[in-house]
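Geometric and topological summary
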Amino acid sequence: MTLMRLAYASEATFEAKPVEKGIEPHVARILMTSRKNNTSDQLVGGLYYGNNRFFQYLEGEEDAIRRTYERILKDERHRNVVTLIEEPLPNRTISNWSMKYVPLSRDVRKFLDQQGLGSFEPASFTSSQCEKMIELIRNSSQDQKLGTPGDAQPAGDKPQVLSGGLKVGVIVAGLCLLGALVIAGSML
Ligand code: FAD
């Protein structure tokens, strides 16, 4: 069995819709299909989506990668696909995940800053920048690895556990309750 790895960059053709359950709906559908297919093909990798651009990294058995890439190239949800890496791979470097989804996280923003890049334009990445992106995919923390599309955060969005306003409201309500308890206690 020959292993290979592949990375490419492309531009989304769809207009990003409002985020549903933490992820852009088109990207959620792409991820669902990718996970289903890549799991049965034993392909692993990661997908970055941000600035209306994709960066995808795949590794696995050569025939499966080539078949998958042929489908991806025909997909009308993106265009201007630029192959960045296409080469044999001695050993797998990512295990367990069919397709990590990594939104433009803090790590990627840090990487862009370090490289002096103003925006996410993966088609212009140098080979060393590609390797750094792959390293980010490989090392992405548990919560960035996506079990279900709903777990992911979209590019640039903050976690939606509690909004800032709601947090302030909860704190104020807590303080009021505490104050009321103190007053009630002092009246006994
Ligand atoms: P199908 O059963 O044909 O389709 C699966 C779902 O995708 C359906 O809900 C269908 O409505 C929807 N769909 C398919 N094509 C389109 C389209 N052009 N516009 C809108 N909806 C559509 N596939 C993988 O298998 N592995 C990957 O890693 C992978 N990565 C991708 C990364 C990007 C950036 C993009 C754009 C696509 C990727 N795809 C990937 C999807 C791939 O291009 C094919 O759509 C998919 O592989 C078809 O698989 P299928 O025949 O099992 O799915």
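In what follows, the accompanying structure is described. (Residues numbered from 1 in each chain as written. Predicted model: local features only at pLDDT ≥ 70, side-chain atom pairs only at ≥ 80, totals over all residues. Heavy atoms only, no water.)

With that settled, the discussion passes to the overall build of the protein. Scanning the protein from N- to C-terminus turns up five helices and five strands. Going residue by residue from the N terminus, the α and β elements of the protein occur as β-α-β-β-α-β-β-α-α-α. On the protein, roughly 10,800 Å² of surface is accessible, and the fraction owed to carbon and sulfur atoms is 55%. (Helix = DSSP H or I, 4+ residues; strand = E, 2+ residues; numbered from the N terminus. Areas by Shrake-Rupley, 256 points an atom, 1.4 Å probe, with all protein chains shown as cover.)

Let's shift gears to the pattern of salt bridges. Summed over all chains, the structure comprises nine salt bridges. Arg-53 is the partner of Glu-121 in a salt bridge, and the nearest nitrogen-oxygen pair spans 3.1 Å. Here Arg-53 lies in strand S3 (residues 53–61) and Glu-121 lies in the loop between helix H3 (106–114) and helix H4 (127–139), a separation of 68 residues in the sequence. When its relative accessible area of 30% is taken as the criterion, Glu-121 is described as partly exposed. Of the charged contacts in the structure, one is a salt bridge between Arg-138 and Glu-135, with a shortest N-O distance of 2.7 Å. With Arg-138 and Glu-135 both in helix H4 and three residues apart, the pair spans about one turn of that helix. A relative accessible area of 25% places Arg-138 in the partly exposed class. (Salt bridge = Lys/Arg side-chain N within 4 Å of Asp/Glu carboxyl O. Buried < 20%, exposed > 50% of the residue type's maximum accessible area, 1.4 Å probe, protein only.)

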